[in-house]
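Chain residues, written in single-letter form:
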Amino acid sequence: MNAMTLSKPAKIPVTILTGYLGAGKTTLLNRILTEKHNQKVAVIVNEFGEVGIDNQLVVSGDEEILEMNNGCICCTVRGDLIRILRTLTFSMEEGKVKFDRVLIETTGLADPAPVAQTFFMDELLSQKFQVDSIITVVDSKHVTRHLDGNDEAQEQIAFADVLILNKTDLVSEDELNKLEKRISKMNPAAKRIQARNCEINLNTILGINTFDVTRKLEIDPHFLEDHHDHEHDDRVSSVAFIETKPLDLIKVEQWMSYLVREKGEDLLRYKGILSIRGIDERIVFQGLHMLFSGHPGRKWKENESRLSELVFIGKNLDKGELERQFKDCIANDPVATTTK
Ligand SMILES: Nc1nc2c(ncn2[C@@H]2O[C@H](COP(=O)(O)OP(=O)(O)OP(=O)(O)O)[C@@H](O)[C@H]2O)c(=O)[nH]1
């Protein structure tokens, strides 16, 4: 891809990256972090789940990557967000860190409005930062199912400045046209971009300064009031497991096939990094609804403890049952796991 140059405004631009579970936010984030654009990005990642998997899937460079895992950014951890941003500001002023732009990846269940609101309500932050745009990644395959009866997915689309209709490879042209129509009715002002694996020209999403408070107030007249009545669908929960003993690949595959077949509808998102007996690479495991994939990632490092970490986000999750099934995947013969 071509290198691009972006002019440097006085306030630090903030991009808020939203999109329902599994839509492709981390894919886009990695693109932003790997493509040359002469800007140093401070990234704040918020995950819904007790174990942070995303930070392990984000490409590492010399960027500041700050995690917020103890709740959803739009509810319980807004205080943390303010603290992180203030600390970043002070560190920058003391010359300890340097960054030109902030990017916040919210959880798939976050309402972006209160996140954007933070930059108007907090005096220091409003002096230092300016919301550049809210980018919402849309999973073209699953969004229809998420939109029906799901407030978060609707709010993310309604509040966006840019909508990336991602995963175009998984839908027909006809389905995509229908989706474009439905989404443009929900948010006619947003720019829409179709993409596969979030392959887009970054100039179309960064430094565009499209965030407009007046328009946000039209969508949500209470946008600038200091309260937040966002309620998450309380049928949706997350469970996370960590296991130090290596797992058996065949058992994991059998378990996943069973889950996809029997629980796929309710499994909104599941992902993890697995330690598999006899395999020297970390197995990166990703799924949403009936789609799941597992592939070898980087090799385990010599001094790294080999762990399997797995997060499920879904409706009606039975933690006890999932835990039993997970434990059943532990390899019988741990001796065969030692590295060569
Ligand atoms: N087929 C297809 N898969 C995609 C595309 N974009 C992303 N994916 C896959 O979709 C899965 C989810 O992508 P992520 O980028 O992790 O999505 P996310 O929105 O960050 O997910 P959460 O943080 O869990 O909400 C991964 O397995 C990606 O490889 C696409 O355009 N087409």
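Residues numbered from 1 in each chain as written. Predicted model: local features only at pLDDT ≥ 70, side-chain atom pairs only at ≥ 80, totals over all residues. Heavy atoms only, no water.

Quick word on the overall build of the protein
What counts is decided by this rule: The helix and strand labels rest on DSSP assignments: H or I over at least four residues marks a helix, E over at least two residues marks a strand, and numbering proceeds from the N terminus. Relative accessibility thresholds used throughout: buried, under 20% of the residue-type maximum; exposed, over 50%; partly exposed, between the two (1.4 Å probe, protein chains only). Throughout, a contact is declared for two residues whenever any of their heavy atoms are within 4.5 Å. For the accessible areas, the method is Shrake-Rupley and the probe is 1.4 Å, while residue cover comes only from the protein chains on display.
Scanning the protein from terminus to terminus reveals eleven helices and twelve strands. A buried classification covers 53% of the 340 residues belonging to the protein. Considering only contacts within the protein whose residues lie at least 6 apart along the sequence, 78% involve residues at least 24 apart. For the protein, the accessible surface area stands at approximately 15,800 Å², while carbon and sulfur atoms represent 47% of it.

Describing the packing of aromatic side chains
Selection criterion: Stacked, tilted and edge-to-face are the three classes assigned to paired rings of Phe, Tyr and Trp, where Trp is represented by its six-membered ring and a pair needs centres within 6.5 Å; plane angles under 30 degrees give stacked, over 60 edge-to-face, the rest tilted.
If you walk through the whole model with that rule in mind, you get nine aromatic pairs. Between Phe119 and Phe129, the ring centres sit 5.9 Å apart and the planes meet at 70°, which makes this aromatic pair edge-to-face. Here the residue Phe119 occupies a position in helix H4 (residues 112-121), and Phe129 occupies one in strand E5 (residues 129-139), the gap between them amounting to ten residues. The class of Phe119 is buried, set by a relative accessible area of 3%. Summarising the aromatic geometry, the rings of Trp255 and Phe326 are spaced 6.1 Å apart at their centres and angled 35° between planes, so their arrangement reads as tilted. Placement of Trp255 in helix H10 (residues 249-263) and of Phe326 in helix H11 (residues 319-327) is noted, with a sequence separation of 71 residues between them. Phe326 carries the same exposure label as Trp255, and that label is buried. Grouped by ring-pair contacts, the aromatic residues Phe241, Trp255, Tyr270, Phe285, Phe292, Phe312 and Phe326 constitute a single cluster.

Considerations on the pattern of salt bridges
Note the threshold: Counted as salt bridges are all cases of a side-chain nitrogen of Lys or Arg within 4 Å of a carboxyl oxygen of Asp or Glu.
One pass over the structure, following the stated rule, counts 16 salt bridges. Residue Asp139 is joined to Lys167 by a salt bridge in which the shortest nitrogen-to-oxygen separation is 3.2 Å. In this pair, Asp139 is assigned in strand E5 and Lys167 in the loop between strand E6 (162-166) and helix H8 (173-186), connecting sequence segments 28 residues apart.

Some points on the confidence of the model for the protein
The line we're drawing: Confidence scores here are pLDDT values: one per residue, from the predictor, ranging 0 to 100.
With 84% of its residues at a pLDDT of 70 or more, the protein shows a mean pLDDT of 84. For the protein, the element scoring lowest by mean pLDDT is helix H2 (residues 54-57), at 62; E6 scores highest, at 97. Counted against residues more than four places away or in other chains, residues 336-340, with its pLDDT under 50, gives nine contacts. For this predicted complex, the interface score ipTM comes out at 0.98, while the overall pTM is 0.80.

Topic: the side chain of His289
Filter applied, for reference: Think of a polar contact as two N or O atoms within 3.5 Å of one another; within protein, one of them needs to be a possible hydrogen donor and the other a possible acceptor, and neighboring residues in sequence only count if both atoms come from side chains.
On the secondary structure map, His289 appears in the loop between strand E10 (281-288) and strand E11 (291-299). Residue classification places His289 among the buried positions, given a relative accessible area of 1%. Within the structure, His289 has its side chain in polar contact with the side chain of His146 (distance 3.0 Å). At a separation of 3.2 Å, a polar atom in the side chain of His289 contacts the main-chain carbonyl oxygen of Glu265. Discounting residues that sit within four places of it in the chain, His289 has contacts with His142, Arg145, His146, Val260, Gly264, Glu265, Leu267, Leu268 and Tyr270.

So, the pairing of strand E9 (residues 267-274)
Threshold: Strand pairing requires that DSSP identify at least two bridges connecting the strands.
The buried count for E9 comes to eight of eight residues, which makes it a mostly enclosed element. Relative to strand E12 (residues 308-315), E9 runs antiparallel, the two being bridged by six bridges. When the sheet's bridge partners are listed, Ile273 is paired in E12 with Glu309. Relative to E10, E9 runs antiparallel, the two sharing five bridges. The residue of E10 that forms the bridge with Gly272 is Phe285. Where E9 folds back on E10, the antiparallel hairpin that results is connected by six residues, among which Gly278 adopts a positive phi of roughly 80°.

Re the site of the ligand
Our working rule: Nearness is judged by heavy atoms alone; a residue qualifies as near a molecule or strand once a single heavy atom is within 4 Å of it.
Neighbouring residues of the ligand: 19 residues in total, closest Thr26, Thr27, Asn197, Arg269 and Lys271. At 3.2 Å from an oxygen atom of the ligand is found a main-chain nitrogen or oxygen belonging to Lys167. Measuring from a nitrogen atom of the ligand, one finds a side-chain N or O atom of Asp169 at 2.8 Å. Here the ligand loses 84% of its free accessible area of 650 Å² to cover by the protein chains. If you list the elements that add at least two residues to the shell around the ligand, you get helix H1 (25-34) and E9. With three residues, H1 is the largest single contributor of residues to the shell around the ligand.

Focus on the sheet that holds E9
Operational definition: Interaxial angles span 0 to 180 degrees and are taken between N-to-C directions of axes, which are lines fitted to C-alpha atoms, for helices over the stretch in contact.
On the basis of which strands lie adjacent, the open sheet formed by five strands has the order E8-E12-E9-E10-E11 and antiparallel pairing. The sheet is open, and its two edges are formed by strand E8 (236-243) and E11, each paired on a single side. Along the sheet, successive strands turn relative to each other by an average axial angle of 10°, direction set aside. Running over the sheet, H10 touches E9, E10, E11 and E12 and is turned about 170° from E9. Contacting E8 and E12, H11 crosses the sheet at an angle of about 30° to E8.

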